[in-house]
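Structural description and commentary
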Amino acid sequence: MNCEEAKKLMDGYLDGELDPITSQTIEQHLRECDKCDQAYKAHALLIRSISDKAPYYKAPAGLRERIQSSLREEIAERSPRSVSRNIPSLFQSKPSERRAIPFGTQWSWLALAAAIVLAAIIAFNLAPRLQRPGADQLLATQLIASHVRSLMANHLTDVPSSDQHTVKPWLDTKLDFAPVVADLSSDGFPLVGGRLDYLDNRPVAALVYQRRKHFINLFVWPAESGSTGADKRITRQGYQLLHWVDSDFNYWAVSDVSDSDLQVFKQAFEKQLPHR
């Protein structure tokens, strides 16, 4: 992908509208091109600023009904006129008089209906623009792309091992933090290995677990001081994402398993945390 192609696809990438493969191609280009990466960061910052501070206008609930009502009235008015033009008039009138009133009335109603429809179209298209995806939605796109990339590129792990005492030391030497690596085989989530990844503009740990024939990528990186909040669940493009934060780390689990399986996985992992 070159800079021109990345520029054309940037809006769709920021809006979370691209498929995972295209998204991961853009991410690869952003890692290799400082100019495009700076443009992406500036655009993302602008979107978040607009989303946080711009007013949101929602079309009135009755707008749809008023448009439909106006169109029904216009159709009802036009139908008798169409019939009357096919019936010979019993009284001859001047051609100019016969045309002037229906023509003016018809076009005034059409203009009104067109104006209402146009207003509805503008409102329908403007509202999503004022509600740009937030940081979590942008990150979710990156997470899905990283998960899919690991499966397609045959790069699921850098250190393939079911032994947590092998995976953890390897990650500790590659990162500036020490993620917890839990053995969850007794809970039905055997460890497959670990690898390095790059998300949210920083290196992260990716712990890989298996659930029957499905894989779960658990992305881990340090949490900001004082970070708290409820769990977040996102479903997109057939994938389940589950986010939670403890006092030390951010956790994002991504997989095509069911939401209930991902919840069980989270509970099993939390039981292995040393401060729990």
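Everything discussed here concerns the structure shown above.
Quick caveat, the model's predicted, so the values are computed rather than measured.

What counts, and where the lines are drawn
Residues numbered from 1 in each chain as written. Predicted model: local features only at pLDDT ≥ 70, side-chain atom pairs only at ≥ 80, totals over all residues. Heavy atoms only, no water. Phe/Tyr/Trp six-rings, centres within 6.5 Å; stacked < 30°, edge-to-face > 60°. Lys NZ or Arg CZ within 6 Å of the ring centre and 35° of its normal. Pairing = 2+ DSSP bridges. Helix = DSSP H or I, 4+ residues; strand = E, 2+ residues; numbered from the N terminus. Contact = heavy atoms within 4.5 Å. Axes fitted to C-alpha atoms, helices over the stretch in contact; angles between N-to-C directions.

1. Some words on the packing of aromatic side chains
- Per the counting criterion, the structure on display carries nine aromatic pairs.
- In this structure an aromatic cluster arises from ring pairing among F177, F189, Y209, W244, F249, Y251, F265 and F269.
- The side chain of R211 reaches across the aromatic face of F189, ending 4.3 Å from its centre.
- If you follow K266 out to its NZ or CZ, it ends over the ring of W244, 5.6 Å from the centre.

2. A short note on the sheet that holds strand β5 (residues 232–236)
- Reading across the sheet, the seven strands line up as β1-β2-β3-β4-β7-β6-β5 and stay open at both edges, with antiparallel pairing between neighbours. For this open sheet the edge positions go to β1 (159–160) and β5, each flanked by a neighbour on one side alone.
- In this structure, strand β3 (residues 202–211) lies alongside strand β4 (residues 214–222), joined through seven bridges in antiparallel fashion. Bridging from a neighbouring strand, Y209 pairs with I216 of β4.
- In this fold helix α7 (residues 164–174) packs onto β1, β2 (191–199) and β3, with an angle of close to 15 degrees to the strand it touches most, β2.
- Contacts from helix α8 (residues 259–271) reach β3, β4, β5, β6 (239–245) and β7 (249–255), with the element oriented near 30 degrees to β6.

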